[in-house]
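The lines below spell out each chain.
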Amino acid sequence: MDKSKLHPDTLALHGGFRSDPATNAVAVPIYQTTSYQFDNAEHASNLFALKELGNIYTRIMNPTNDVLEQRLAAMEGGVAGLAVASGQAASTFAILNLCEAGDNFVTSTDLYGGTWNLFANTFKQMGIEARFADPADPESFRKLTDDKTRCYYAETLPNPKLEVFPIKEVADIGLSIGVPLIVDNTAAPLICRPIEHGAAIVVYSTTKYIGGHGTSIGGVIIDSGAFDWEAHQDRFPLLSRPDPSYHGAVWIEAVKPLGPIAYILRARVTLLRDVGAAMSPMNAFQFIQGVETLPLRIRKHCENASTVANYLKAHDQVTQVIYPGLMDGEARKRADTYLADHQYGGLVGFELSGGVDAGRKFIDSLELLYHVANIGDARSLAIHPASTTHSQLSAEDQAASGVTPGYVRLSIGIEHADDILADIEQALSKV
Ligand code: PLP
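Residues numbered from 1 in each chain as written. Predicted model: local features only at pLDDT ≥ 70, side-chain atom pairs only at ≥ 80, totals over all residues. Heavy atoms only, no water.

1. Some details on the pairing of strand β3 (residues 129–133)
Phase 1: Where strand β2 (residues 104–108) meets β3, 5 bridges bridge the pair, whose relative direction is parallel. The partner of S108 across the bridge, within β3, is A133. (Pairing = 2+ DSSP bridges. Helix = DSSP H or I, 4+ residues; strand = E, 2+ residues; numbered from the N terminus.)

As structure tokens, this is what we get:
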């Protein structure tokens, strides 16, 4: 069967797997093994030389992880995926696969805080410069680009601002000068497919909506297979220069017989091999369970979030609601361009007129919604960024990141909307 014609909703159940080749099991087995016996000496040396693809050691590949990788890549319209230990590991590898000391990349300012720290501090220690560009002005990416710029980076639906990133506008600038765009699509799985808009690489924290159950930390990198590394090889020495860590392999040459997977294969057989941030097969199994119901869940998240946003808009203690479907102007245009069918995601921000104290009181009064530093769980979640995730920032930096003292972030779950509203209402009544 040609699965390439199937819809993402169908691929969530059927991508990358029919039944277990060893047992005919229909559920994907958890291959809880560290290593795999080679057929013979020739087989072993072919695997190590990449003449043949196959299992060697679970730090680098695993059959359970492979199903998750193939499934998510198929759903996203990519050619191959790489599962890793966390969303942070995914963004780290996505960049380190192209950048070395002395290089730079241009990133949107609107980022998850952990990614911001990684880019601004840890990469800086490694001699890699993150150049921050204003996502509202796509041309700012071009202006910050030079010969040492290896990629662009952005989040589709970054919180707390929840302003959708101009994916095609920036991807097109990159394509015109040979710079690939990497998009973190964690907050918008299925409702946005960044590869369709020109992204070269997509990363996810599978910890969030892909899993949905809140049991496992993980991440994935998906290669579109569409970026022409060879045409711009001077920009990508890590792919076009002999690699001393792999007996002088030139990745864009060596991988050609295997398909357009030079980028993702290099990430697997060098970065994952060396750094070792592997996803455990048990977690890959959990994410496979999650992804099977993602199409249903994401619709319900979006529907409930829209109900909550509209309720909050009419509330007299709420001075502002931050939600893509309630924005206007350019931000709304981008939301409608990049998020399918007016599904604006499951995240809703709102500002309470009473500032910090009101934000804290609201959170402390919640009974159904969980107070956690997470998003994308099937349960509804809430946090007051000014006193938690953003508390280390100066008031100025908080404001620049979109966090005001009375800002509350909600990650709306799939409970009955009336129960979510009732809890928000009773908590607001105590503020
Ligand atoms: N990207 C986004 C948009 C996130 O929200 C997060 C985590 O909150 C991450 C990446 C990092 O993912 P993980 O916690 O799985 O490392």
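Next comes the rest of the description.
2. Considerations on the sheet that holds strand β11 (residues 381–383)
Phase 1: The strand order β8-β9-β12-β11-β10 describes an open sheet built from 5 strands, whose pairing is mixed. At either end of the open sheet lies a strand with only one pairing partner, and these are β8 (318–322) and β10 (370–371).
Phase 2: Examined bridge by bridge, strand β9 (residues 347–352) and strand β12 (residues 407–411) share 5 bridges and lie antiparallel to one another. By the bridge assignment for β12, G349 is matched with R409.

3. A closer look at the environment of E163
Phase 1: Structurally, the position occupied by E163 is in the loop between β4 (149–155) and α7 (167–177).
Phase 2: By relative accessible area, which is 37% here, E163 ends up partly exposed. (Buried < 20%, exposed > 50% of the residue type's maximum accessible area, 1.4 Å probe, protein only.)

4. A closer look at the domain arrangement of the protein
Quite often, the size of an interface is put as the accessible area lost when its parts meet.
Phase 1: Per the domain assignment, the segments of the protein are domain 1 (3–282) and domain 2 (295–428).
Phase 2: The C-alpha centroid of domain 2 is placed 29 Å from the C-alpha centroid of domain 1.
Phase 3: Facing 32 residues of domain 1, the contacting portion of domain 2 comprises 38 residues.
Phase 4: Interface of domain 1 and domain 2: buried area, both sides summed, is about 2,700 Å²; carbon and sulfur atoms make up 61% of it.
Phase 5: If you sort the residues of domain 1 by the area they bury against domain 2, P160, I191 and Y209 come out on top, with a joint share of 29%.
Phase 6: At the boundary of domain 1 and domain 2, one finds 1 salt bridge.
Phase 7: A salt bridge links R299 to D9; the shortest N-O distance between them is 2.3 Å.
Phase 8: Considered class by class, the residues forming the side of domain 1 that touches domain 2 number 19 nonpolar, 7 polar and 6 charged. (Domains from an automatic or database assignment. Contact = heavy atoms within 4.5 Å. Buried area = accessible area lost by both parts, 1.4 Å probe. Salt bridge = Lys/Arg side-chain N within 4 Å of Asp/Glu carboxyl O. Nonpolar A, V, L, I, M, F, W, Y, C, P; charged D, E, K, R; others polar.)

5. A word on the packing of aromatic side chains
Phase 1: In this structure the tally under the stated criterion is 15 aromatic pairs.
Phase 2: Relative to F48, the ring of F38 lies with its centre 6.0 Å away and its plane at 65°, an arrangement referred to as edge-to-face. Separated by 10 residues along the polypeptide, F38 in the loop between α1 (8–14) and α2 (41–48) and F48 in helix α2 bring together distant segments of the chain.
Phase 3: Here F38 falls in the partly exposed class, since its relative accessible area comes to 28%.
Phase 4: With a relative accessible area of 45%, F48 lands in the partly exposed category.
Phase 5: Centre to centre, the rings of F350 and F362 are 5.3 Å apart; their planes meet at 85°, and the pair counts as edge-to-face. One end of the pair, F350, is in strand β9; the other, F362, is in helix α14 (residues 355–365), with 12 residues separating them in the sequence. (Phe/Tyr/Trp six-rings, centres within 6.5 Å; stacked < 30°, edge-to-face > 60°.)

6. Here we look at the site of the ligand
Phase 1: Residues in close proximity to the ligand total 13 residues, the closest being G87, D184, S205, T207 and K208.
Phase 2: A distance of 2.6 Å separates a nitrogen atom of the ligand from a polar side-chain atom of D184.
Phase 3: S205 places a polar side-chain atom, nitrogen or oxygen, 2.8 Å from an oxygen atom of the ligand.
Phase 4: If the ligand stood free it would expose 390 Å²; the protein chains cover 90% of that surface.
Phase 5: Judged by the fraction of its atoms near the pocket grid, the ligand is located in the largest pocket.
Phase 6: Looking at the shell around the ligand residue by residue, the classes come out as 3 nonpolar, 7 polar and 3 charged. (Near = heavy atom within 4 Å. Polar contact = N/O pair within 3.5 Å; in protein donor to acceptor, adjacent residues only side chain to side chain. Areas by Shrake-Rupley, 256 points an atom, 1.4 Å probe, with all protein chains shown as cover. 1 Å grid on protein atoms, 1.4 Å probe; cavity = no way out; pocket = protein on both sides within 12 Å on 5 of 7 lines; lining within 4 Å. Sits in = over half its atoms within 2 Å of the grid points.)

7. Focus on helix α12 (residues 294–313)
Phase 1: A rise of 1.5 Å per residue sets the reference length of α12, with its 20 residues, at 28 Å; its end C-alpha atoms lie 28 Å apart and thus fit the reference within 8%.
Phase 2: Within α12, the full set of buried residues consists of L294, P295, R297, I298, H301, C302, N304, A305, V308, A309, Y311 and L312. (Expected span 1.5 Å × (residues − 1).)

8. So, the nonpolar core
Considering soluble globular proteins, one finds that nonpolar side chains tend to be buried as a cluster.
Phase 1: Counting 82 residues, the largest nonpolar core has L312, V348, F350, F362, L410 and I424 as its most contacted members.
Phase 2: Per-element tally for this core: the top contributor is α12, with 8 residues.
Phase 3: Both domains that meet at this core, namely domain 1 (3–282) and domain 2 (295–428), each give it at least three residues.
Phase 4: Residues contacting L410, with those up to four places away along its chain left out, are V308, L312, G346, L347, V348, F350, F362, L369, L381, A382 and I424.
Phase 5: Counting 45 residues, the second largest nonpolar core, distinct from the first, contains V84, L98, C151 and I264. (Core = buried A, V, L, I, M, F, W, Y, C linked by side-chain atoms within 4.5 Å.)

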